[in-house]
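Next come the chains, spelled out residue by residue.
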Amino acid sequence: MEKGYPYTLKKLIEFLSTLPGIGEKSAQRLSLYLLSKPELCEILGDLIKELPYKVRLCKECKNLSEDELCEICKERERDRTKLCIVESPMHLFQIEKTGLYRGYYYVLHYLLSPKEGFGPKALGLDTLLKIIEEREIKEVILALSPTLSGEATASYIAELLKDYPLTISKLACGIPMGMEIHFADPLTLKSALQKRESIKRGNFYE
Ligand SMILES: [Zn+2]
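Residues numbered from 1 in each chain as written. Predicted model: local features only at pLDDT ≥ 70, side-chain atom pairs only at ≥ 80, totals over all residues.

Things to note about the nonpolar core
In this structure, Ile85 and Tyr105 are the most contacted members of the largest nonpolar core, which totals 24 residues. For this core, the secondary-structure elements that each account for two or more residues are β3 (79-86), β4 (103-107), β5 (139-143) and α7 (148-160). Residues contacting Tyr105, with those up to four places away along its chain left out, are Cys61, Asn63, Ile72, Cys84, Val86 and Leu92. (Core = buried A, V, L, I, M, F, W, Y, C linked by C-beta atoms within 7 Å. Buried ≥ 20, exposed ≤ 12 C-beta atoms within 10 Å, placed from the backbone. Helix = DSSP H or I, 4+ residues; strand = E, 2+ residues; numbered from the N terminus. Contact = placed C-beta atoms within 7 Å.)

Some words on unusual backbone geometry
The backbone of His109 shows a phi angle near 70°, a positive value even though the residue is not glycine. Looking at the element boundaries, His109 is found in the loop between β4 and α6 (125-134). His109 sits in the partly exposed class, given 15 other C-beta atoms within 10 Å. Look at Glu136: it is not a glycine, yet its phi comes out positive at around 50°. Secondary-structure assignment places Glu136 in the loop between α6 and β5.

With respect to the environment of Leu125
Within the element layout of this structure, Leu125 appears in helix α6. Leu125 gets classed as partly exposed once you count the C-beta atoms within 10 Å, which come to 19.

A closer look at the sheet that holds strand β6 (residues 167-170)
The four strands are arranged β4-β3-β5-β6 in an open sheet whose pairing can be described as parallel. Looking at the sheet topology across the chains shown, the edges are occupied by β4 and β6. Adjacent strand axes in the sheet meet at a mean angle of 25° when their direction is disregarded. Pairing of β3 with β4 involves five bridges; the strand directions are parallel. If you follow Leu83 over to β4, its bridge partner there is Tyr104. Sitting on the sheet, α7 touches β3, β5 and β6, and the angle it makes with β5 is about 165°. (Pairing = 2+ DSSP bridges. Axes fitted to C-alpha atoms, helices over the stretch in contact; angles between N-to-C directions.)

What to know about the domain arrangement of the protein chain
By domain assignment, the protein chain separates into domain 1 (11-54) and domain 2 (78-176). For domain 1 versus domain 2, the separation of C-alpha centres amounts to 34 Å. (Domains from an automatic or database assignment.)

A word on the pairing of β6
Examined bridge by bridge, β5 and β6 share four bridges and lie parallel to one another. Along β6, the bridge assignment pairs Glu139 with Thr167.

Some remarks on the environment of Cys73
Within the fold, Cys73 resides in helix α4 (residues 71-74). Separated by 14 residues in the primary sequence, Cys73 and Lys59 have C-alpha atoms spaced 9.3 Å apart. Aside from chain neighbours lying at most four places away, what touches Cys73 is Cys58, Glu60, Cys61 and Tyr104.

What about the packing of helix α1 (residues 7-17) against helix α2 (residues 24-35)?
Where α1 meets α2, the closest approach of the two axes is 8 Å, and the angle between their N-to-C directions is 130°. In terms of orientation, α1 lies oblique with respect to α2. Seen from above, α1 lies across α2 with right-handed handedness. Of α2, the residues touching α1 (which contributes Leu9, Leu12, Ile13, Leu16 and Ser17) are Glu24, Ala27, Gln28, Leu30, Ser31 and Leu35. Looking at side-chain class alone, the contact of α1 with α2 contains seven nonpolar, three polar and one charged residues. (Parallel < 35°, antiparallel > 145°, perpendicular 65-115°, else oblique. Left-handed = near helix turned anticlockwise from the far one by under 90°. Nonpolar A, V, L, I, M, F, W, Y, C, P; charged D, E, K, R; others polar.)

See below:
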């Protein structure tokens, strides 16, 4: 970086620019903002320092947690026969926000991606199978993104579970709310058409 900023500020800008979604300009803006808020620097510094020591994976679902069990696994009144498989804690959080799902989760943290070197082992499927058997899961919901890796992972898991006495479902894939149909790509439109939902059932002529 060019001259103009003192060393420590320059270093902070450099580090912040390495974070996902933060370019050099945003890093400069954030750093200058932090400089004007000494208290915030103190709190942020402590939180960042503690983060890797305090947060770990839940021993049941592999969600992030500060205790052995995450907040969701601690809730005993959820439906123990349903298991929703997600790629990341962020996706779990989004599904929780809908308030529609009252089962438990399993977080993969990876998707199958031979290019990046993530094979079936990276997914920790032994633990998943153990949970399915022990809890006698009746429905597995594959809530994985409809990307190449997401689809490959969903197919792999579905194949692995094919002989288990359970229902396997996956999220419907269609046109996002607020999007006009002519902006949807052909695959999305095809999927939306295949998974169309009925809004009125016909009383057919006899
Ligand atoms: Zn958990």
